[in-house]
Amino acid sequence: MIRFFRYILMALASSMLLISLQSCKEEGIIEEDTMAQIYAEMLLTDQWINSTPGMRMIADTSLVYEPILKKYGHTSVDYRRSVEYYLNDPDTYADIMKKTVKIFDNRLSDLHKKKDKLQEEKDKYVKGMAEKWARKQAAKMNEQIYEAAWTPIKRAEQLVSKA
């Protein structure tokens, strides 16, 4: 009998969870992870606008953000509704901000790895070019040394052959 009630209780809890999740989707609330990705892209866009002198004057952030929201399958109405929803739950909102920071940390780490790889390739190229230049200079110097060493001998041979 107790087992039967446990199954009923689990079924009720599961259905309530599904209903609550469904109601969030029906209300147009953006999921936490997606919200963090949207915030990350919005912040990058803001930075680009602020660092591009001509864009600061003409950029309308509501128009700039719309393609970002569309990329994730949402509208500005969904976004505003989600912001209101998450602001009423400060812990969840703080989690979203932490996830946004983590996204930036991961991107920064990836950029550092790419920079290091490019630096290695550049160093390898420069080293190769320097070695090639050094070999070329050494060959020229060897040629000059050869000429300097053999010129007197050649002159002496010419003098001897004329005599």
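These figures come from a predicted structure and were not determined experimentally.

**Q** Hey, could you go over the environment of Ala40 for me, with residue numbers and the actual values?
**A** Relative to the assigned elements, Ala40 resides in helix α2 (residues 32-51). When the C-alpha positions of Ala40 and Thr100 are compared, they lie 5.6 Å apart, and in sequence the two are 60 residues distant. With sequence-adjacent residues up to four places away left out, Ala40 is seen in contact with Thr100, Ile103 and Phe104.

**Q** Quick one: what's the story with a negative patch on the surface, residue by residue and with numbers?
**A** Taken together, Asp116, Glu120, Glu121 and Asp123 make up a surface patch of like negative charges. Of note, Asp116 is situated in helix α6 (residues 90-162).

**Q** I'd like to hear about a nonpolar patch on the surface, residue by residue, with values.
**A** Among the surface-exposed residues, Tyr125, Val126 and Met129 lie close enough to one another that they form a single nonpolar patch of about 310 Å² accessible area. Here Tyr125 is to be found in helix α6. The exposed category is assigned to Tyr125, whose relative accessible area is 56%.

**Q** Residues and numbers for helix α5 (residues 76-87), please.
**A** Taking 1.5 Å of rise per residue, 12 residues should cover 16 Å, and α5 covers 16 Å from first to last C-alpha, within 8% of that figure. Taken together, the buried positions of α5 are Asp78, Tyr79, Ser82, Val83 and Tyr86. One side of α5 holds all its buried residues, which, seen down the axis, span an arc of 135°.

**Q** Describe the packing of α2 against α5, with residues and values.
**A** Axis separation between α2 and α5 bottoms out at 12 Å; the angle between their running directions is 110°. Here α5 runs roughly perpendicular to α2, going by the angle between their axes. With respect to the hand of their crossing, α2 and α5 are arranged in left-handed fashion. Touching Glu32, Met35, Tyr39 and Met42 of α2 are Tyr79, Ser82, Val83 and Tyr86, all from α5.

So, how was this worked out
- Residues numbered from 1 in each chain as written.
- Predicted model: local features only at pLDDT ≥ 70, side-chain atom pairs only at ≥ 80, totals over all residues.
- Heavy atoms only, no water.
- Helix = DSSP H or I, 4+ residues; strand = E, 2+ residues; numbered from the N terminus.
- Contact = heavy atoms within 4.5 Å.
- Patch = residues over 30% accessible without salt bridge, like charges linked within 9 Å, V, L, I, M, F, W, Y side chains within 5 Å.
- Areas by Shrake-Rupley, 256 points an atom, 1.4 Å probe, with all protein chains shown as cover.
- Salt bridge = Lys/Arg side-chain N within 4 Å of Asp/Glu carboxyl O.
- Lys, Arg positive; Asp, Glu negative; His and termini not counted.
- Charge placed at Lys NZ, Arg CZ, Asp CG, Glu CD.
- Buried < 20%, exposed > 50% of the residue type's maximum accessible area, 1.4 Å probe, protein only.
- Expected span 1.5 Å × (residues − 1).
- Arc of directions from axis to C-beta.
- Axes fitted to C-alpha atoms, helices over the stretch in contact; angles between N-to-C directions.
- Parallel < 35°, antiparallel > 145°, perpendicular 65-115°, else oblique.
- Left-handed = near helix turned anticlockwise from the far one by under 90°.

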